[in-house]
Amino acid sequence: MAAADTNVAKTAPAMDLAPSENRVWKKFRSHKSAMLGGFLVLFFITLALLAPVLPIPDPAATDWGAIRKAPSAAHWMGTDDLGRDVLSRMIWGAQASLLAGVISVAIAMAIGVPLGIIAGYFGGWPDAIISRCTEALLAAPFLILAIALAAFLGPSLSNAMIAIGISATPLFIRLTRGQVLNVKVEDYVDSARAIGLPTRLILSRYILPNVLPPILVQATLTIATAIIAEASLSFLGLGQQPPAPSWGSMLNTAKNFLTQAPWMALWPGISIFLVVLGFNLLGDGLRDALDPREH
């Protein structure tokens, strides 16, 4: 079997990992908008991680003497309708939004990638069943499906993440299946089958590594969509529950005070815009950097 693996390795495309990694990084680094996106994502991740140690007030602490106060030296982004510091709630809200984005996409990948590999590689009745179920889920708009699932599961951040993850799963099934259909007909995969290499080794050594780059790009772009979905669910009361801070729930409260306290809506709106922009720019940069036609 060791000799067989060696023969397949000789048949598979030669990959010089270090030069390839250098080319990818060089291409990504030359993509200025991607670097901007990476900086925005890193900035918000840093804020979320440092929230417990930053010298900011308790995001749930109320101050009845500072209700809807405009931005000042004491409260850099003002206060909300209960006198809570908006800056503190913004920083802690970043945790909920980023966590929802990452975990939702992780759920979608954990379900979608294996099902896509099974459908694309084996074909037949597994492909038919998985494809029909995928098409049924894709028939419903992403956000509508997420709202319906979140309402069914109950209002909470964890249920919102599950709902968003299930709603995003069809994207990864379809993408993975298409990539596997292209890779499984390559000569090195045929050679691996011809020498009797076990299916699990073919999938893990020759199929998955070659379909992973576009999946990672899609994951980065889907995180941005998941963050918007979490904010939408929290706005509707189906996500993060008060008094825990969330950008979506902050916008829900702010909609009642747009004329008296516009800063309550301004900062969470800008934060959602910037973090979504960051992930989209980062995904575009990764797509260009990992595209073999660009190398």
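Residues numbered from 1 in each chain as written. Predicted model: local features only at pLDDT ≥ 70, side-chain atom pairs only at ≥ 80, totals over all residues. Heavy atoms only, no water.

Participant: What should I look at first to understand the packing of helix α8 (residues 187–194) against helix α9 (residues 199–235) in this one?
Facilitator: The geometry of α8 relative to α9 is characterised by a closest axis approach of 11 Å and an angle of 170 degrees between their N-to-C directions. Between α8 and α9, the interaxial angle falls into the category roughly antiparallel. Contact with α8, carried on its side by Tyr 188, Val 189, Ala 192 and Arg 193, involves Ile 202, Tyr 206, Ile 207 and Asn 210 of α9 and no other residues of that element. Of the residues contributing to the contact of α8 with α9, the split by class is six nonpolar, one polar and one charged. (Axes fitted to C-alpha atoms, helices over the stretch in contact; angles between N-to-C directions. Helix = DSSP H or I, 4+ residues; strand = E, 2+ residues; numbered from the N terminus. Parallel < 35°, antiparallel > 145°, perpendicular 65-115°, else oblique. Contact = heavy atoms within 4.5 Å. Nonpolar A, V, L, I, M, F, W, Y, C, P; charged D, E, K, R; others polar.)

Participant: Help me understand unusual backbone geometry, please; the structure alone is not making it clear to me.
Facilitator: Glycine aside, a negative phi is what most residues show, and trans is what most peptide bonds show. Pro 243 follows Pro 242 through a cis peptide bond whose omega is 5 degrees. By the secondary structure assignment, Pro 243 is in the loop between α9 and α10 (247–254). Unlike most non-glycine residues, Arg 68 shows phi in positive territory, near 50 degrees. Topologically, Arg 68 is positioned in the loop between α3 (32–50) and α4 (86–122).

Participant: For this particular structure, what's the right way to read the side chain of Asp 85?
Facilitator: Residue placement: Asp 85 occurs in the loop between α3 and α4. There is a polar contact of 2.8 Å between the side chain of Asp 85 and the side chain of His 75. A polar contact is formed between the side chain of Asp 85 and the backbone nitrogen of Leu 87, at a distance of 3.3 Å. With residues up to four places along the chain from it excluded, the contact list for Asp 85 reads Pro 57, Ala 74, His 75 and Gly 78. (Polar contact = N/O pair within 3.5 Å; in protein donor to acceptor, adjacent residues only side chain to side chain.)

Participant: In this structure, what is going on with the pattern of salt bridges? I would like to understand it.
Facilitator: Where charged atoms from two side chains of opposite charge come close, those side chains can pair. Here the structure, examined in full by the defined rule, presents six salt bridges. Of the charged contacts, one joins Arg 89 and Asp 80 as a salt bridge, the two residues approaching to 3.9 Å between their closest N and O atoms. Across the salt bridge formed by Arg 132 and Glu 135, the nearest N and O atoms sit 2.9 Å from each other. Taken together, the residues Arg 132 and Glu 135, both in helix α5 (residues 124–138) and three residues apart, mark about one turn of the helix. The class of Arg 132 is partly exposed, set by a relative accessible area of 47%. The network of salt bridges with shared partners includes Asp 80, Arg 84 and Arg 89. (Salt bridge = Lys/Arg side-chain N within 4 Å of Asp/Glu carboxyl O. Buried < 20%, exposed > 50% of the residue type's maximum accessible area, 1.4 Å probe, protein only.)

Participant: Please clarify how α10 should be interpreted in this entry.
Facilitator: Along an α-helix, residues three or four positions apart point the same way, because every turn accommodates 3.6 residues. Restricting attention to buried positions, one finds in α10 the residues Trp 247, Gly 248, Ser 249, Met 250 and Ala 254. Close packing links the buried residues of α10 with α3, α4, α9 and α11 (263–290).

Participant: I keep staring at α3 and nothing clicks. Help me out?
Facilitator: If you check α3, its first and last C-alpha atoms are 27 Å apart, about what 19 residues at 1.5 Å a residue would give, namely 27 Å. Burial in α3 covers these residues: Ala 34, Gly 37, Leu 40, Val 41, Phe 44 and Ala 48. Projection of α3 onto a plane perpendicular to its axis shows the buried side chains occupying an angular sector of 125 degrees, all on one side. Exposed side of α3, more than 90 degrees from the buried face: Lys 32, Phe 39, Leu 42 and Leu 49 are the residues found there. (Expected span 1.5 Å × (residues − 1). Arc of directions from axis to C-beta.)

Taken by themselves, the reported measurements are silent on function.
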